[in-house]
Amino acid sequence: MVPISWYLILSAVLFSIGVAAFFIKRNIITVFMSIELMLNAVNLTFVGFAQQWHEVSGQIFVFFVMVVAAAEAAVGLAIIIAVFRARSTLNVDQIDLMKL
Amino acid sequence: MHLALFLIFGALCVAGALNLLLQRHPINSALSLIVVMSSLAVLYLLLGAEFLAAAQVIVYSGAIMVLFTFVIMLLNAGREERTRGSKMAYVIGFPGAAVLLALLADIFITHSGEFHRVHAGEYVVSTAALSGVLFRDLLLPFEVTSILILIAILGAVALARKEH
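Residues numbered from 1 in each chain as written. Chains lettered and ligands numbered in written order. Predicted model: local features only at pLDDT ≥ 70, side-chain atom pairs only at ≥ 80, totals over all residues. Heavy atoms only, no water.

**Some remarks on the domain arrangement of chain B**
A common way to report how large an interface is uses the accessible area buried once the components associate.
Right, on to step 1. Once the domains are mapped, chain B shows domain 1 (1-79 + 119-124) and domain 2 (126-164).
Right, on to step 2. Each of domain 1 of chain B and domain 2 of chain B was reduced to a C-alpha centroid, and the two centroids are 23 Å apart. (Domains from an automatic or database assignment.)

Set out below in structure tokens:
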């Protein structure tokens, strides 16, 4: 029988890997994918706590997170396509027009 | 049984996430993210969330990751090159993530006595119970998300359209 805290530690590991990937990756699509990884890690925490308190609302939260993530992915990838058309690069170091 | 499934798919999750971090080509990162999301669906099943496990496979590893792989292929994204900025990111990124992990793990381990142990099939939220809450108590937020999706579709089409 697995304690809930193991699931929470697994989600902490996934979230930290997502944060590291967000910092280290230079490709704008991979940066976006690491945001999705962080969202998934948080979803696992929600489902774990729903099991802990025997509540349905934790799972409802995950449902809404999924909906927002789907909308975010569609708009974000459209923005990436628009950026690629304008600058013809995917490297985040070269997309620095707003830098002082 | 439960422990074995948790260990196998938890290890698969962490391996996929590490592979996402270490691969240089975005298509390899995308494929390892699909592995992570599919194994998370199994973990949701172990935690008694059967509807979310199905939704995870259909929405995340189905729809969202197909979108990602399409964009990677459309833009012909190649291997990422190392720049001066990436060295700075290595210096800050790895210690920062390690500190975050240590903090979260410390919190969870010190409070681990307060958490239950999961027995497989002990508390399963059926799709009927989930939809009861979703369509009765939370009908307005649910309908608002449909407007959000509609606006997202329009925004995606408007942003990705070719300028004339």
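Still more to cover.
**Comments concerning the packing of aromatic side chains**
Right, on to step 1. Taken as a whole and judged by the stated rule, the model has eleven aromatic pairs over all chains.
Right, on to step 2. Ring centres of Phe 22 of chain A and Phe 23 of chain A lie 6.3 Å apart, and the angle between their planes is 70°; this geometry places the pair in the edge-to-face category.
Right, on to step 3. Following the ring pairs from residue to residue traces out a cluster consisting of Phe 63 and Phe 64 of chain A together with Phe 51, Phe 135 and Phe 142 of chain B. (Phe/Tyr/Trp six-rings, centres within 6.5 Å; stacked < 30°, edge-to-face > 60°.)

**Overview of the packing of helix α1 (residues 2-22) of chain B against helix α2 (residues 26-46) of chain B**
Residues and elements named next belong to chain B.
Right, on to step 1. Where α1 meets α2, the closest approach of the two axes is 8 Å, and the angle between their N-to-C directions is 155°. By the angle class used here, α1 and α2 are roughly antiparallel. Pair α1 / α2 crosses with left-handed handedness. Each of His 2, Leu 5, Phe 6, Phe 9, Gly 10, Leu 12, Cys 13, Gly 16, Ala 17, Asn 19 and Leu 20 in α1 lies in contact with α2, whose residues at this interface are Ser 29, Ser 32, Leu 33, Val 35, Val 36, Ser 39, Leu 40, Val 42, Leu 43 and Leu 46. (Axes fitted to C-alpha atoms, helices over the stretch in contact; angles between N-to-C directions. Helix = DSSP H or I, 4+ residues; strand = E, 2+ residues; numbered from the N terminus. Parallel < 35°, antiparallel > 145°, perpendicular 65-115°, else oblique. Left-handed = near helix turned anticlockwise from the far one by under 90°. Contact = heavy atoms within 4.5 Å.)

**A look at the interface of chain A and chain B**
Right, on to step 1. Every contact between the two is made by 69 residues of chain A and, on the other side, 81 residues of chain B.
Right, on to step 2. A buried area of about 7200 Å², summed over both sides, lies between chain A and chain B, and 78% of it is on carbon and sulfur atoms.
Right, on to step 3. At the junction of chain A with chain B, the criterion picks out zero salt bridges.
Right, on to step 4. Listed by contribution, the elements that provide at least two residues to the side of chain A that touches chain B are β1 (2-3), α1 (4-24), α2 (28-53) and α3 (57-87) of chain A.
Right, on to step 5. Take the side of chain A that touches chain B: its biggest share by element is 22 residues, from α3 of chain A.
Right, on to step 6. For the side of chain A that touches chain B, the residue count by class is 50 nonpolar, 13 polar and six charged.
Right, on to step 7. Bridging between β1 of chain A and strand β1 (residues 117-118) of chain B involves two bridges; their strand directions are antiparallel. Within β1 of chain B, the position partnered with Pro 3 of chain A by the bridge is Arg 117 of chain B. (Buried area = accessible area lost by both parts, 1.4 Å probe. Salt bridge = Lys/Arg side-chain N within 4 Å of Asp/Glu carboxyl O. Nonpolar A, V, L, I, M, F, W, Y, C, P; charged D, E, K, R; others polar. Pairing = 2+ DSSP bridges.)

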